[in-house]
Amino acid sequence: PQADLILRTSDGVRFRVHKIILTLTSQVFKDMLSLPPPTVSTDGQEDYMMDGLHVVPVSEDSFALDLALRVMYPIPSPAVTLENLATLLEISRKYELRLHDIPHELCLRSAGKRDPIAVYSIALSFDMKAIVRETGPEICRLSLRAFNTPLLRHLTTFQCRDIILWRHDVGL
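Being a predicted model, the structure only gives us computed values, none of them experimental. (Residues numbered from 1 in each chain as written. Predicted model: local features only at pLDDT ≥ 70, side-chain atom pairs only at ≥ 80, totals over all residues. Heavy atoms only, no water.)

*Asks:* Is there a simple way to explain the overall build of the protein in this structure?
*Replies:* When its secondary structure is counted, the protein shows eight helices and four strands. When the helices and strands of the protein are listed from N to C terminus, the series reads β-β-α-α-β-β-α-α-α-α-α-α. Dimensions of the protein, computed from C-alpha atoms along their principal axes, come out at roughly 65 × 35 × 25 Å. Put simply, the protein has 172 residues, and 42% of those count as buried. Looking at the protein alone, contacts between residues at least 24 apart form 60% of all its contacts between residues at least 6 apart. Carbon and sulfur atoms form 58% of the exposed surface of the protein, whose accessible area is close to 10100 Å². Positive and negative charge centroids in the protein, built from 19 and 21 side chains respectively, lie 6 Å apart. (Helix = DSSP H or I, 4+ residues; strand = E, 2+ residues; numbered from the N terminus. Buried < 20%, exposed > 50% of the residue type's maximum accessible area, 1.4 Å probe, protein only. Contact = heavy atoms within 4.5 Å. Areas by Shrake-Rupley, 256 points an atom, 1.4 Å probe, with all protein chains shown as cover. Lys, Arg positive; Asp, Glu negative; His and termini not counted. Charge placed at Lys NZ, Arg CZ, Asp CG, Glu CD.)

*Asks:* Is there a simple way to explain the pairing of strand 4 (residues 53-57) in this structure?
*Replies:* Each regular strand displays side chains that alternate between the two surfaces of the sheet. Of the pairings in the sheet, the one linking strand 1 (residues 5-8) to strand 4 comprises three bridges and is parallel in character. Each bridged residue has a counterpart across the sheet, and for arginine 8 the counterpart in strand 4 is proline 57. Between strand 3 (residues 49-50) and strand 4, which pair antiparallel and follow one another directly, the connecting turn spans two residues, one of which, aspartate 51, has a positive phi of 55 degrees. (Pairing = 2+ DSSP bridges.)

*Asks:* Whenever I open this one, the nonpolar core confuses me. Can you help?
*Replies:* Nonpolar side chains in soluble globular proteins tend to end up buried together. Within the largest apolar cluster, 28 residues are counted, with the highest numbers of intra-cluster contacts made by Leu82, Leu89, Leu108, Ile122 and Met128. Those elements that place two or more of their residues in this core are helix 3 (62-72), helix 4 (82-95), helix 5 (104-111), helix 6 (116-125) and helix 7 (129-141). Per-element accounting of this core gives the leading share, six residues, to helix 6. Those residues in contact with leucine 89 that lie beyond four places of it in its chain are Leu99, His104, Ile122, Phe126 and Met128. Among the nonpolar cores identified, the runner-up in size contains 18 residues, and Ile21, Leu22, Phe29 and Met72 belong to it. (Core = buried A, V, L, I, M, F, W, Y, C linked by side-chain atoms within 4.5 Å.)

*Asks:* Help me understand the pattern of salt bridges in this model?
*Replies:* Pairing of side chains with opposite charge becomes possible as their charged atoms draw close. For the structure shown, the criterion picks out eight salt bridges. Among the salt bridges present, the one from arginine 70 reaches aspartate 66, with a minimum N-O distance of 2.8 Å. Within this pair, arginine 70 and its partner aspartate 66 are both found in helix 3, separated by four residues, close to a single helical turn. The class of aspartate 66 is partly exposed, set by a relative accessible area of 27%. Of the charged contacts, one joins glutamate 105 and arginine 109 as a salt bridge, the two residues approaching to 3.3 Å between their closest N and O atoms. Of this pair, glutamate 105 and arginine 109 both sit in helix 5, four residues apart, which is roughly one turn of the helix. Connected through salt bridges with shared partners, the residues Glu105, Arg109 and Glu134 form a single ionic network. (Salt bridge = Lys/Arg side-chain N within 4 Å of Asp/Glu carboxyl O.)

*Asks:* Teacher, can you tell me more about the packing of aromatic side chains here?
*Replies:* Given two aromatic rings, their pairing is described by the distance between the two centres and the angle made by the two planes. The full count for this structure, using the stated rule, is one aromatic pair. With centroids separated by 4.8 Å and ring planes inclined at 5 degrees, the aromatic side chains of phenylalanine 29 and tyrosine 95 adopt a geometry described as stacked. Taken as a pair, phenylalanine 29 in helix 2 (residues 27-33) and tyrosine 95 in helix 4 lie far apart in primary sequence, 66 residues in all. According to the relative accessible area criterion, phenylalanine 29 is buried, its value standing at 3%. (Phe/Tyr/Trp six-rings, centres within 6.5 Å; stacked < 30°, edge-to-face > 60°.)

Here is the structure:
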């Protein structure tokens, strides 16, 4: 069937999507699409309508939205990397998506020895207590200089502080 909505990302990429898919996989989209569409632009852009379809701006960039749509649509899920997983977990929390096809805990556990800081950062950010406990000893063995993964951006300042205090408390 033809798309009946366009999602425009923060970097200007337009995705033609199907409302039924969005509403079946995301409570947030279900609620949002139950409202009447706007008759003027909501973000100052000119393209609130295109080819007779409403254009809905989203704050995600095209990489993140592409990942989310690959999970939402009934197609094979994308390859899971730690970076992809962090992005998917972030989007799933925001849009209340179910990640039933993504073995996120298995992915984190298998990467725990290879990149414990990234795994710990993701697990701590998304409240995966068991993985935080499993990865904690690996974190203790590393110097603070090893804490250089871009996935640290998912941690709050207080979580970073807690890591430093925890390492101090165990004598590192």
